[in-house]
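Architecture at a glance
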Amino acid sequence: KAGVTQTPRYLIKTRGQQVTLSCSPISGHRSVSWYQQTPGQGLQFLFEYFSETQRNKGNFPGRFSGRQFSNSRSEMNVSTLELGDSALYLCASSFTGMDTQYFGPGTRLTVL
Amino acid sequence: KNQVEQSPQSLIILEGKNCTLQCNYTVSPFSNLRWYKQDTGRGPVSLTIMTFSENTKSNGRYTATLDADTKQSSLHITASQLSDSASYICVVSAVDMRFGAGTRLTVKP
């Protein structure tokens, strides 16, 4: 079966802009989680959506938001981009959120 | 201070040898502890998931152990292969997920 897909794979933005990233989970998976990965901070949890509801949230400012659609696809939005938002953004899907997660390849965001 | 500490930070071993990676955590209570493998430039791959009541979980040559009393977990890799070269990340799930900084493993021929 098809894996987790993320679009776009690479993105370059300038400070102050906003960006929307997309994640399509594995068919049948209802949980989608988002993570930020940087060399300095490592992997950090952003939020988790399950059946269109945000179920958990990490310690990120309100500029980071997300949503999940009825088909379980999820989007993540970052507004008023800062240089420090440059990172690899990963999404992962699973059936329940408590079982094995499958990660997508990530979206590499560069903020100039 | 990070609530999930991994050691060593990096490790180099010869192909065919065994190794053990450590994860100490202070997150409490927690629902599960996971080990992931991440190849450079790729997303993490789940190796094991253990609830607080489980002591050990295996996935092929990978065996994870958990001691909830001492708040320690280890990942043992048996008969290492060149393809085991990657970062190994320990994650503790509570209200949110807390990640270790990872151990960078290099397997040399």
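Below or above, wherever it landed, is the structure these notes cover.

Conventions used here
Residues numbered from 1 in each chain as written. Chains lettered and ligands numbered in written order. Predicted model: local features only at pLDDT ≥ 70, side-chain atom pairs only at ≥ 80, totals over all residues. Heavy atoms only, no water. Pairing = 2+ DSSP bridges. Helix = DSSP H or I, 4+ residues; strand = E, 2+ residues; numbered from the N terminus. Axes fitted to C-alpha atoms, helices over the stretch in contact; angles between N-to-C directions. Disulfide = S-S within 2.5 Å. Buried < 20%, exposed > 50% of the residue type's maximum accessible area, 1.4 Å probe, protein only. Core = buried A, V, L, I, M, F, W, Y, C linked by side-chain atoms within 4.5 Å. Contact = heavy atoms within 4.5 Å.

Remarks on the sheet that holds strand β1 (residues 4–7) of chain B
All names here are of chain B.
- Within the open sheet, the five strands sit side by side as β1-β3-β8-β7-β6. Their pairing is antiparallel. Among the strands making up the open sheet, the edge pair consists of β1 and β6 (56–59). Across the sheet, the mean angle from the axis of one strand to that of its neighbour is 15 degrees, orientation sign disregarded.
- Note that strand β3 (residues 19–25) and strand β8 (residues 72–77) share six bridges and pair antiparallel. Along β8, the bridge assignment pairs Cys19 with Ile77.

Comments concerning the state of the cysteines
Residue and element names in this part refer to chain B.
- Inspection of every chain in the model, using the stated rule, returns two disulfides over all chains.
- A sulfur-sulfur distance of 2.0 Å marks the disulfide that ties Cys23 to Cys90. Residues Cys23 and Cys90 share a disulfide whose torsion about the S-S bond is about -65 degrees; that sign makes it left-handed. Within this pair, whereas Cys23 is found in strand β3, its partner Cys90 is found in strand β9 (residues 86–93), the two being separated by 67 residues in sequence.
- Judged by its relative accessible area of 0%, Cys90 falls in the buried class.
- Cys19 takes part in no disulfide bond, and the closest cysteine sulfur, belonging to Cys90, lies 15 Å away.
- With a relative accessible area of 5%, Cys19 lands in the buried category.

Remarks on the nonpolar core
- Within the largest apolar cluster, 23 residues are counted, with the highest numbers of intra-cluster contacts made by B:Leu33, B:Trp35, B:Leu75 and B:Tyr88.
- Where this core is concerned, the elements lending two or more residues are β3, β4 (32–38), β5 (45–51), β7 (62–67), β8, β9 and β11 (103–108) of chain B.
- Discounting residues that sit within four places of it in the chain, B:Leu75 has contacts with B:Cys19, B:Thr20, B:Leu21, B:Trp35, B:Leu47, B:Tyr62, B:Thr63, B:Ala64 and B:Tyr88.
- A:Leu11, A:Phe60, A:Phe64 and A:Cys91 belong to the second largest nonpolar core, which has 21 residues in total.

Some words on unusual backbone geometry
- Of note, the amide linkage connecting A:Thr7 to A:Pro8 takes the cis form, showing an omega dihedral of -10 degrees.
- Locating A:Pro8 in the fold gives a position in the loop between β1 (5–7) and β2 (10–13).
- In this structure, B:Pro8 follows B:Ser7 across a cis peptide bond, with omega equal to -10 degrees.
- Along the polypeptide, B:Pro8 turns up in the loop between β1 and β2 (10–14).
- A positive phi angle is found at A:Glu52, which is not glycine, with a value near 70 degrees.

So, the pairing of β4(B)
Residue and element names in this part refer to chain B.
- The element β4 is extensively covered by neighbouring structure, given that seven of its seven residues are classed as buried.
- Residues Asn32, Arg34, Tyr36 and Gln38 of β4 are buried on one face, and the alternating residues Leu33, Trp35 and Lys37, pointing to the opposite face, are buried as well.
- Pairing geometry for β4 and β5, over six bridges, is antiparallel. Note on β5: the bridge partner recorded for Leu33 is Met50.
- In this structure, the hairpin formed by β4 and β5 is closed by a connection of six residues, where Gly41 is found at a positive phi of approximately 80 degrees.
- Relative to β9, β4 is paired through seven bridges, and the arrangement is antiparallel. Note on β9: the bridge partner recorded for Lys37 is Tyr88.

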